[in-house]
Amino acid sequence: MTSLASLLPLALLATLSAGPRAAETESQRLHRRGVQCMDDYERPDCAIENFEALMAASTSDRELVTDAMLRLIRLYRGGDDPEAVKPLLRKFWDAGMKRESRGHVPHSTRFVPRDFDILLNVDVARIVAAPLTRRLGDDARDTLFTCDEARRTSLEDQRRRKRAARKAKASGRDVEAVLAEELAAERKREAERAAAKARGDAGAKGQPSPILFESTCPVALALGEVDLSKWERMTTAFSHRDFARSIALAQIPGLDAKLADAVAGARLIEVAPDHWRVPGHQYEGGDVDLARLDLDELLIAPAGIIDEVIAAHRSRKRSVDRSLDQLVNKVPRDTGFFVVLTQGALVDLGFGGLKPSTRGFLQALLPKPKGMQIAGVLGDDFGLFTRVPTDNAVKGRALVSIARAMIERRSDDDANAEELLASLDVAEATDRRALLASYVLSAAQVEKFMLE
């Protein structure tokens, strides 16, 4: 199957054919030649030369830069210089921090309550169209986006049995015995999560799921859709102190017609103009409401929270926490998904379960984080890029050294972890203002990881 990435140069050429040749930028030319050398002529030396030149060029075209970076990583790993991969990984944030991104989250994100300090953004259209998703097939897409419970259960059963068969083969045991152990372990984990939630334990383990993971499928079904793959984007924001205090924003093509049909079919109840309720569905014991705040943009929120967002939207005044907003705007646009946490959320979730004495010692030892940004990029491969802005370059350098030593020790002790950890790079940012962790997996590694 032809990859989306390999079609990009053709799309560029088609666009340029309508105008003068000079309309092609130097970055576009380097990318086009690199892709031709790699995909058409199978000349890795030529491809590396052009992609390296693109990475060194000054350009704001993030999609070309990221595609070139992922392709270079594959070329380096297939050649004689695999260590060249790690310095390359550090360029992801360098290229992304040169200018702020706007428009890669729904417009109404600016109106979320001020106490919300975690945000997750999923670019559904980009994930569905990614060559990696297409290679993994319908099962991978449906695992992420189906709202058909029978289909979801079937996929979970298939993955569970494949994992059991793999473990049974490696250990020489019976598949059914391994499968029984897997099921028992899952039930134990679920019981531990339920107990932690009942106790109100600090940290994410004792928290309910944000509304995005509980209410998007009921909303999709009310709108007459059986999965979320036709939605363009989904964003959730919430408070780290109470994940139930959360909202979701969805960009849905043809939203007005879907809403009208849902109301006519009594699948939605109109509460007020541009404000509806989902009958028969509750989140954390309360009603779930919907509001249309912008064209093809739907707000999903608990009934007790939605009025806060509607009021902020009507006032046209930003209510979003400033530090959260800044972290979001520093994430590159060409991501399949990203997560940001403010300083307060990161510190409390990272250290919340520790004893006060241990927490104090670690906070004194480690650099003070100013938040966290995690970006996932899908091309022919999958890249995960984490950035933690810090307040102390010296402590940051020491932490990087410790982390690298731990990775090397784990690789030496665990042969199974060696392959995956070889793809992990921990470093300081070039401006020494952040700690970086980068991880790129090939499609084959992703397939293997899904079965672990």
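No experiment lies behind these values; they were computed from the predicted model shown.

K.L.:
Help me get a handle on the overall build of the protein, residues and values and all.
P.N.:
Helices and strands together make up the secondary structure of the protein, namely 20 helices and 12 strands. Burial statistics for the protein: of 452 residues in total, 45% are counted as buried. Of the contacts made within the protein by residues no fewer than 6 positions apart, 62% connect residues no fewer than 24 positions apart. Carbon and sulfur atoms make up 53% of the accessible area of the protein, which amounts to about 22,500 Å² in all.

K.L.:
A description of the pattern of salt bridges should follow, citing residues and the corresponding values.
P.N.:
This structure, assessed with the given rule, holds 29 salt bridges. The closest approach of N and O atoms between aspartate 123 and arginine 233, which form a salt bridge, is 3.6 Å. Of this pair, aspartate 123 sits in the loop between strand S1 (118-122) and helix H7 (124-129) while arginine 233 sits in strand S2 (residues 233-239), and the two are 110 residues apart along the sequence. The pair aspartate 123 / arginine 233 is uniform in exposure class, with both members buried. Between aspartate 325 and arginine 318 there is a salt bridge, with the nearest N and O atoms lying 3.2 Å from each other. Since its relative accessible area comes to 41%, arginine 318 is described here as partly exposed. Three or more residues joined by partner-sharing salt bridges are found here, namely Asp157, Arg160, Arg163, Lys167, Glu182 and Glu186.

K.L.:
Which residues make up the packing of helix H3 (residues 44-56) against helix H4 (residues 62-78), and what values do they have?
P.N.:
Where H3 meets H4, the closest approach of the two axes is 9 Å, and the angle between their N-to-C directions is 140°. Judged by the angle between their axes, H3 and H4 are oblique. Regarding H3 and H4, the two cross each other, and that crossing is left-handed. Across the interface between the two elements, Pro44, Ala47, Ile48, Phe51, Glu52, Leu54 and Met55 of H3 pack against Leu64, Val65, Ala68, Met69, Arg71, Leu72, Leu75 and Tyr76 of H4. Considered class by class, the residues forming the contact of H3 with H4 number 13 nonpolar, no polar and two charged.

K.L.:
Which residues make up the packing of aromatic side chains, and what are the values?
P.N.:
Scanning the model with the defined rule gives three aromatic pairs in all. Arranged with centres 6.3 Å apart and planes meeting at 20°, the rings of phenylalanine 337 and phenylalanine 382 form a pair that is stacked. Residue phenylalanine 337 is located in strand S8 (residues 337-342), and its partner phenylalanine 382 is located in strand S10 (residues 382-389); the two are separated by 45 residues in the primary sequence. According to the relative accessible area criterion, phenylalanine 337 is partly exposed, its value standing at 22%.

K.L.:
Before we move on, could you go through the state of the cysteines and cite the residues and values that matter?
P.N.:
A full pass over the atoms with the stated rule returns two disulfides. A sulfur-sulfur separation of 1.8 Å characterises the disulfide bridge that pairs cysteine 37 with cysteine 46. Classification of cysteine 37 by relative accessible area gives buried; the value is 5%. Taking relative accessible area as the criterion, cysteine 46 reaches 9% and is therefore assigned buried. The disulfide partner of cysteine 147 is cysteine 217, and the gap between their sulfur atoms is 2.1 Å. What sets the handedness of the cysteine 147 and cysteine 217 disulfide is the S-S torsion sign, and at about -85° it is left-handed. Linking cysteine 147 in the loop between helix H9 (138-145) and helix H10 (149-171) with cysteine 217 in helix H12 (residues 211-222), this pair joins segments that are 70 residues apart in sequence. Regarding the disulfides, the protein carries the connectivity 1-2, 3-4 under sequence-order numbering of its bonded cysteines.

K.L.:
Please provide a residue-by-residue account of the confidence of the model for the protein, values included.
P.N.:
Per-residue confidence for the protein gives a mean pLDDT of 81, with 78% of residues at or over 70. Averaged over each element, pLDDT in the protein is lowest for helix H1 (residues 4-16) (40) and highest for strand S7 (residues 297-302) (97). Across residues 1-22, where pLDDT falls below 50, the model places 26 contacts with residues more than four positions away in sequence or in other chains.

K.L.:
For the side chain of glutamate 297, give the residues involved together with the corresponding values.
P.N.:
With respect to the helices and strands, the residue glutamate 297 is situated in strand S7. One buried charged side chain, glutamate 297, makes no salt bridge at all; its nearest oppositely charged neighbour is arginine 233, positioned 7.8 Å away. Beyond its immediate chain neighbours, meaning those up to four positions away, glutamate 297 contacts Pro106, His107, Ser108, Leu249, Ala250, Gln251, Leu255, Ala291 and Arg292.

K.L.:
Before we move on, could you go through the pairing of S8 and cite the residues and values that matter?
P.N.:
Across the six residues that make up S8, a large majority, five, are buried. In the sheet, S8 pairs with strand S9 (residues 371-378) via six bridges, with the strands oriented antiparallel. From the neighbouring strand, threonine 342 faces S9, where its bridge partner is glycine 371.

K.L.:
Which residues make up the environment of leucine 120, and what values do they have?
P.N.:
Structurally, the position occupied by leucine 120 is in strand S1. Under the relative-accessibility criterion, leucine 120 is labelled buried at 15%. Once the C-alpha coordinates of leucine 120 and threonine 236 are considered, the two residues, 116 residues apart in sequence, prove to be 5.3 Å apart. In this structure, leucine 120 is in contact with Leu212, Phe213, Met234, Thr235, Thr236, Phe338 and Val339, ignoring residues within four places of it in sequence.

K.L.:
Quick rundown of the sheet that holds strand S12 (residues 434-441)? Include the residues and the values.
P.N.:
Taken in spatial order, the 12 strands of this open sheet run S4-S5-S6-S7-S3-S2-S1-S8-S9-S10-S12-S11, and their pairing is antiparallel. Pairing within the sheet leaves two strands with one partner each, and these edge strands are strand S4 (269-272) and strand S11 (424-428). Taking each pair of neighbouring strands and ignoring which way they run, the sheet shows an average axis angle of 20°. For strand S6 (residues 286-294) and S7, the ladder comprises six bridges, and the chain directions are antiparallel. Each bridged residue has a counterpart across the sheet, and for alanine 291 the counterpart in S7 is leucine 299. Sheet strands touched by helix H14 (residues 303-315): strand S3 (242-251), strand S5 (275-283), S6 and S7. Its angle to S6, the strand with the most contacts, is close to 20°.

K.L.:
Which residues make up the pairing of S7, and what values do they have?
P.N.:
The buried count for S7 comes to six of six residues, which makes it a mostly enclosed element. Across four bridges, S3 lies against S7 in antiparallel orientation. Paired with leucine 249 across the strands is leucine 299, a residue of S7. In sequence, S6 turns back onto S7 through a hairpin of two residues, with aspartate 296 there showing a positive phi of about 55°.

Rules used in this analysis
Residues numbered from 1 in each chain as written. Predicted model: local features only at pLDDT ≥ 70, side-chain atom pairs only at ≥ 80, totals over all residues. Heavy atoms only, no water. Helix = DSSP H or I, 4+ residues; strand = E, 2+ residues; numbered from the N terminus. Buried < 20%, exposed > 50% of the residue type's maximum accessible area, 1.4 Å probe, protein only. Contact = heavy atoms within 4.5 Å. Areas by Shrake-Rupley, 256 points an atom, 1.4 Å probe, with all protein chains shown as cover. Salt bridge = Lys/Arg side-chain N within 4 Å of Asp/Glu carboxyl O. Axes fitted to C-alpha atoms, helices over the stretch in contact; angles between N-to-C directions. Parallel < 35°, antiparallel > 145°, perpendicular 65-115°, else oblique. Left-handed = near helix turned anticlockwise from the far one by under 90°. Nonpolar A, V, L, I, M, F, W, Y, C, P; charged D, E, K, R; others polar. Phe/Tyr/Trp six-rings, centres within 6.5 Å; stacked < 30°, edge-to-face > 60°. Disulfide = S-S within 2.5 Å. pLDDT = per-residue confidence, 0-100. Lys, Arg positive; Asp, Glu negative; His and termini not counted. Pairing = 2+ DSSP bridges.

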